[in-house]
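For reference, the chains in residue letters:
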Amino acid sequence: MQFPAEPFRIKVVERIKKTTREERDRLIREAGFNVFNLPAESIYVDLLTDSGTSAMSDYQWAGIMLGDESYAGSKNYYHFEAAVKRIFGFKNIIPTHQGRSAENLLFSVALKEGDIVPNNIHFDTTRANVMHKHGVPVDLAIDEAMDPEIGHPFKGNMDPAKLERLFQEVGAERIPLVMLTVTNNSAGGQPVSMENVRAVSAIARKYQRPLFIDACRFAENCYFIKEREAGYARKSVFEIACELFSHADGCTMSAKKDGLVNIGGFIAMNDDAWAEKAANLLIVVEGFPTYGGLAGRDLEAIARGLEEVLDEDYLAFRIGQIRYLGEMLHKAGVPFVRPVGGHAVFLNAKAFLPHIPRQQYPGQALVVALYREAGIRAVEIGGLMFGEKDAAGGEKFPELELVRLAVPRRVYTSMHMSYVADSIIDIHKKRDTIRGLRLIHEAPLLRHFTARMEEIS
Ligand code: F0G
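Everything numeric in this text was worked out from a predicted model, so none of it was measured.

Reading the values: rules and limits
Along each chain, the written sequence defines residue order, and numbers are assigned to residues from 1. A pLDDT threshold of at least 70 governs which residues receive local features in this predicted model, and a stricter bar of 80 or more applies before side-chain atom pairs are shown or counted, although totals over entire chains, interfaces and linings include all residues. Heavy atoms from the whole structure form the basis of all side-chain values; hydrogens and water molecules are not counted. Any residue with a heavy atom lying within 4 Å of a molecule or strand is counted as near it. Here a polar contact is taken to be a pair of N or O atoms separated by no more than 3.5 Å, where protein atoms must pair a possible hydrogen donor with a possible acceptor and residues adjacent in sequence count only if both atoms sit in side chains. Accessible areas in this description were obtained via Shrake-Rupley with a 1.4 Å probe; residue shielding takes into account the shown protein chains only. Three classes are used, and their members are as follows: Ala, Val, Leu, Ile, Met, Phe, Trp, Tyr, Cys and Pro are nonpolar, Asp, Glu, Lys and Arg are charged, and the others, Gly among them, are polar. Put simply, DSSP H or I for four residues or longer makes a helix, DSSP E for two residues or longer makes a strand, and each gets a number counted from the N terminus. Helix span is expected to be 1.5 Å times the residue number reduced by one. Only protein chains enter the calculation, and the probe is 1.4 Å; a residue is then buried if its accessible area is under 20% of its type maximum, exposed if over 50%, and partly exposed in between. Relevant arc is that of directions from the helix axis to the C-beta atoms, nothing else. Pairs of residues are marked as contacts when any of their non-hydrogen atoms sit within 4.5 Å. Where helices are involved, their axes are fitted lines through C-alpha atoms of the stretch in contact, as for all axes, and angles between N-to-C directions lie from 0 to 180°. Roughly parallel means an angle under 35 degrees; roughly antiparallel means over 145; roughly perpendicular covers 65 to 115; every other angle is labelled oblique. The hand of a helix crossing depends on one turn: near helix anticlockwise from the far one by less than a right angle means left-handed, and clockwise means right-handed. Buried Ala, Val, Leu, Ile, Met, Phe, Trp, Tyr and Cys residues form a nonpolar core when they are joined through side-chain atoms within 4.5 Å. For the purposes of this description, domain bounds are those given by an automatic or database domain assignment.

K.L.:
Mind showing me how you'd approach the site of the ligand here?
P.N.:
Looking at the ligand, there are 17 residues lining it, with T49, R100, S254, K257 and R404 nearest. D214 places a polar side-chain atom, nitrogen or oxygen, 2.7 Å from a nitrogen atom of the ligand. The contact in question runs from an oxygen atom of the ligand to an N or O atom on the side chain of R404, over 2.7 Å. Relative to its unbound accessible area of 470 Å², the ligand is 93% covered by the protein chains. In the shell around the ligand, the residues fall into 2 nonpolar, 8 polar and 7 charged.

Now the structure itself:
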């Protein structure tokens, strides 16, 4: 079945309210046309992120009650460690409060000034953490990743030839590790194939450098491998995950995604010397190595979430739900990045609003329209998020101008997805009425979080 029904029923509900267009018009103006400034209670369907927004199961909530809040040696830590080892297989496992603190620990122990970190595409926090340690993040995605129209089963792949060339050009001394992000969030939640993991791993090994996986959405990635890659149809997603991590030497993880929890993460690796340094730093910035910035109950919820996320009925529904949203939009001619990724649909704002020039932030204009017309919150991934000032005081815009509709796990029903699709199709029909925006306030770094804008009349 292409779009399987929800493999769960609902035991607890949370009320969400629909506001009127008039109220939303007032709220978005007060928010400076920035959806990060909106009160979340004024949103009907919140697709800002799939991170930390998932619904936990009754089994996870039951685990919460079994939290052992001992400062050291909590029983939940041992459950957590066993659950992580079973799938990821790495020798040393260090809990952190979320993914970016795992990244910070990794680059603190691995990088010296001027070192280069290759990745298929660094997620923003990964990039920022590399730069924070005075390293240079380099993206080596396949060329297809930058084309929103082109079909490719593994559009998240790294180009191994580009990696080989980088090693040849700068030398292994300046590349302390290689990373791969699964799925590739910044390229549209696109998967990486096992063949690609093997190829990248072989190059890293040739130059005696460790391969670290940014594992946030590993289960979704492994489900795509099962579906699309020759030789994997009869393997379980669990087996595929074990194989994937067997090609790597460590990983960073935000459990807020495929850990099915609201907070948590970890870093894991085989190297004892790096692990010891990371654990020592952890004690300074996060906490003792058997809790790492989390409560015992949180560790139990992650241990249980990691079991549940590999349930293939769940994954078929999860991937199918995003695909269902994409299918409805496709039928109506709404432009978005194809094929649909694992956690989100990425609307192509340049094609959606061709009458709005890049200087007027078409992606953000679409985000504003989604909220004002339908109470849906999405996020711009384009000129507002990644625009850079050039020497002449003008702006340099990234290649892609996208709007991400990230779907939280197990939170919204397929009827919500129909509502989202219908609303976007309506907006697409009257796209000519949508106006561009002008920036009136911006911070020097990560400006999209706090920017204020006004509408151009
Ligand atoms: N790596 C990837 C690929 C991510 O998508 C994220 C977070 C992180 C690392 C950092 O994890 O938030 O737990 O510190 N992505 C979220 C998103 C925020 O909306 O895509 P974190």
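K.L.:
Would you take a moment to explain helix α3 (residues 75-88) for this structure?
P.N.:
Each full turn of the α-helix corresponds to 3.6 residues, which orients residues three or four apart in the same direction. Over its 14 residues, α3 runs 20 Å from end to end, which matches the ideal 20 Å to within 8%, given 1.5 Å per residue. Burial in α3 covers these residues: N76, Y77, F80, A83, V84, I87 and F88. The arc that holds the buried residues of α3, viewed along the axis, is 130 degrees, so those residues lie on one side. Elements that come into contact with the buried residues of α3 comprise β2 (92-96), α8 (218-228), α9 (237-246), β7 (250-254), β8 (265-269) and α11 (296-308).

K.L.:
I keep staring at the packing of helix α14 (residues 362-374) against helix α16 (residues 414-429) and nothing clicks. Help me out?
P.N.:
Helix-helix packing: each pair is described by the crossing angle between the helix axes and the interaxial distance. As a packed pair, α14 and α16 sit with axes 10 Å apart at the nearest point and diverge in direction by 115 degrees. What the angle tells us is that α14 and α16 run roughly perpendicular. Handedness of the crossing formed by α14 with α16: right-handed. Contact residues: α14 offers L366, A369, L370, E373 and A374, while α16 offers Y419, S423, I424 and I427.

K.L.:
Just checking my understanding: could you explain the nonpolar core for this structure?
P.N.:
Nonpolar side chains in soluble globular proteins generally cluster together in the buried interior. Counting residues in hydrophobic clusters, the biggest one holds 63 residues, and the most contacted among them are F88, I213, F218, F245, C251, F266 and L306. Tallying contributions element by element places α8 first for this core, with 6 residues. Inspection of this core shows a minimum of three residues originating in each of domain 1 (21-50 + 312-455) and domain 2 (58-308). Setting aside chain neighbours within four positions, we find F88 in contact with A215, F218, F245, C251, M253, F266 and L306. Residues I43, F352, A378 and Y419 belong to the second largest nonpolar core, which totals 51 residues.

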